[in-house]
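A look at the structure
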Amino acid sequence: MLSRTADHLFWMARYMERAENTARMLDVNYQTALLPQSAAVAEQGWAGLLSISELTHDYTSRYGAINPRQVMSFMVKDERNPSSILSCLRAARENARAVRGTLTTEVWETTNQTWLEFNRMVADGDLTRDPAAVFEWVKFRSHLSRGVTVGTMLQDEAFHFIRIGSFLERADNTARLLDVKFHAVQSDFYGAASERDSEYDFYHWSAILRSVSGFEVYRKVYRNVITPEKVAELLILRHDMPRSLAACMHEVVTNLKLVANEQSAETQRRAGRLMADLEYGRIDEILATGLHAYLTQFLDRVGDLGLGISRDFLVTAH
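Fair warning: this is a prediction, and the values are worked out from it, not measured in the lab. (Residues numbered from 1 in each chain as written. Predicted model: local features only at pLDDT ≥ 70, side-chain atom pairs only at ≥ 80, totals over all residues. Heavy atoms only, no water.)

1. As for the overall build of the chain
Within the chain, the regular secondary structure consists of 16 helices and 0 strands. Taken over the C-alpha trace, the chain has a radius of gyration of 19 Å; the compact-globule value for 318 residues is 20 Å, and the two agree within 12%. Principal axes of the C-alpha set define a box for the chain whose edges measure 55 × 50 × 40 Å. In the chain, once contacts between residues fewer than 6 apart in sequence are set aside, the share between residues at least 24 apart is 66%. Split by element, the accessible area of the chain, about 14400 Å² in all, is 52% carbon and sulfur. Taking the average location of the 36 positive side-chain charges in the chain and that of its 41 negative ones, the two points are 3 Å from each other. (Helix = DSSP H or I, 4+ residues; strand = E, 2+ residues; numbered from the N terminus. Rg over C-alpha atoms; globule rule 2.2 N^0.38 Å. Contact = heavy atoms within 4.5 Å. Areas by Shrake-Rupley, 256 points an atom, 1.4 Å probe, with all protein chains shown as cover. Lys, Arg positive; Asp, Glu negative; His and termini not counted. Charge placed at Lys NZ, Arg CZ, Asp CG, Glu CD.)

2. Re the pattern of salt bridges
Between side chains of opposite charge, a pair can form as their charged atoms come close. Here the structure, examined in full by the defined rule, presents 28 salt bridges. It is possible to trace a salt-bridge network through shared partners that takes in E17, E20, R24, R146, R170 and R243. (Salt bridge = Lys/Arg side-chain N within 4 Å of Asp/Glu carboxyl O.)

3. Describing the packing of aromatic side chains
The full count for this structure, using the stated rule, is 8 aromatic pairs. Plain terms: the ring middles of F118 and W137 are 6.3 Å apart, the flat faces sit at 20° to each other, and that makes the pair stacked. Of this pair, F118 sits in helix α6 (residues 105-123) while W137 sits in helix α8 (residues 131-152); the two residues are 19 residues apart in sequence, bridging distant segments of the chain. Across the pair, W137 and F118 agree in class, each one buried. (Phe/Tyr/Trp six-rings, centres within 6.5 Å; stacked < 30°, edge-to-face > 60°. Buried < 20%, exposed > 50% of the residue type's maximum accessible area, 1.4 Å probe, protein only.)

4. A closer look at the nonpolar core
Soluble globular proteins tend to bury their nonpolar side chains together. Counting 97 residues, the largest nonpolar core has L26, I85, F118, I236, M249, L278 and F298 as the members making the most contacts within it. For this core, the leading source of residues is helix α9 (residues 157-183), giving 13 residues. Excluding anything up to four places from it in sequence, L26 contacts W46, L49, M72, M75, V76, I85 and F135. (Core = buried A, V, L, I, M, F, W, Y, C linked by side-chain atoms within 4.5 Å.)

5. Considerations on unusual backbone geometry
A positive phi is found at S213, a non-glycine position, where the angle reads about 50°. Mapped onto the elements of the fold, S213 is located in the loop between α10 (201-211) and α11 (215-222). Taking relative accessible area as the criterion, S213 reaches 42% and is therefore assigned partly exposed. Of note, the phi angle at R223 is positive, near 50°, even though the residue is not glycine.

6. Notes on the environment of C248
Along the chain, the position of C248 falls in helix α13 (residues 245-258). By relative accessible area, C248 is classed as buried at 0%. Taking C-alpha positions, C248 is 5.6 Å from A171, a pair spaced 77 residues apart along the chain. Apart from residues no more than four positions distant in its own chain, C248 is found in contact with F167, R170, A171, P242 and R243.

7. With respect to the packing of helix α14 (residues 265-279) against helix α16 (residues 291-313)
The interhelical angle for the contact between α14 and α16, taken along N-to-C directions, is 155°, at an axis separation of 9 Å. Classified by the angle between their axes, α14 and α16 sit roughly antiparallel to one another. Seen along the crossing, α14 lies across α16 with a hand that is left-handed. Together, T267, R270, A271, R273, L274, D277 and L278 of α14 and Y294, F298, R301, V302, D304, L305, G308, I309, R311 and D312 of α16 make up the contact between the two elements. (Axes fitted to C-alpha atoms, helices over the stretch in contact; angles between N-to-C directions. Parallel < 35°, antiparallel > 145°, perpendicular 65-115°, else oblique. Left-handed = near helix turned anticlockwise from the far one by under 90°.)

8. Section: the side chain of R18
In this fold, R18 is placed in helix α1 (residues 3-33). In this structure, R18 is in contact with W11, C88 and E169, ignoring residues within four places of it in sequence.

9. Examining the environment of H292
As for its placement among the helices and strands, H292 is situated in helix α16. Between the C-alpha atom of H292 and that of A232, which follows or precedes it by 60 residues, the distance is 11 Å.

10. Some remarks on the state of the cysteines
Considering all chains together, one arrives at 0 disulfides under this definition. Of the cysteine sulfurs around C88, a residue in no disulfide, the closest is that of C248, at 17 Å. (Disulfide = S-S within 2.5 Å.)

11. What about the side chain of D27?
Take D27: it is sitting in helix α1. For D27, the residues in contact, after removing those within four places along its chain, are A132, F135, E136 and K139.

Purely spatial values, then, with no claim about function.
Shown next, in the form of structure tokens:
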């Protein structure tokens, strides 16, 4: 396959996944902000969102103080923010258009329609009227896009590059979400919550789980009260949890094997090593070194993997 084609497919999938993850985080934060809590805690939630996406500097240089409505607008429809939902959906659509002949009609039409419809929703003021409905819609369209891809595309190299893009982006986002949310309790979590974390307890950990559609899964797997250690275990090590780091890396490694070329051996080795660390890791060992340190290292390794994939298969690193 032409590296330019692989590049467009990889980034089309990453941008669609990024739009969904941004919608998930905004939705949970919006719902959590409606709960009774102190102003400081509420502001910390919105600041955390900007921090997850590494947008704190961009936001403050443009808007100054943290304001929930402005943060939401910045992360949903600001064209100058390359990580806003609007920018991600536009980039997904542009990448899809560039390789229109490689995609099935259904995949192209889903991506194109998502972009057109989202623009209409923004213009009609849907975000101001009902933010939660907009976020649900973005998540639904991403699910639809993935389902149509799996359901209609030939499982050839084009398909595998789409999958690699989706799951590499998802691993990155899940790790960022966990890192920032655990960091919000003001400690490099080592496996024991302090007294001052109590305001965060049930609703805080529930919010994390809901942001990755993991609330019901948690109840099914653990059947007990929600504890930070178990939330971390579910989202890092459980290979049967669709948005966990272990599940994402398994998909990345599987699809990388299927597109391997002469120069990709080192990238495959690094991906396999990262998957093995997750497959054979234990949560008590991870917490012994501190969750923040572990997740920071994981994000560095995923970033390194992305660069390796770009170098081995693609034309450009975005």
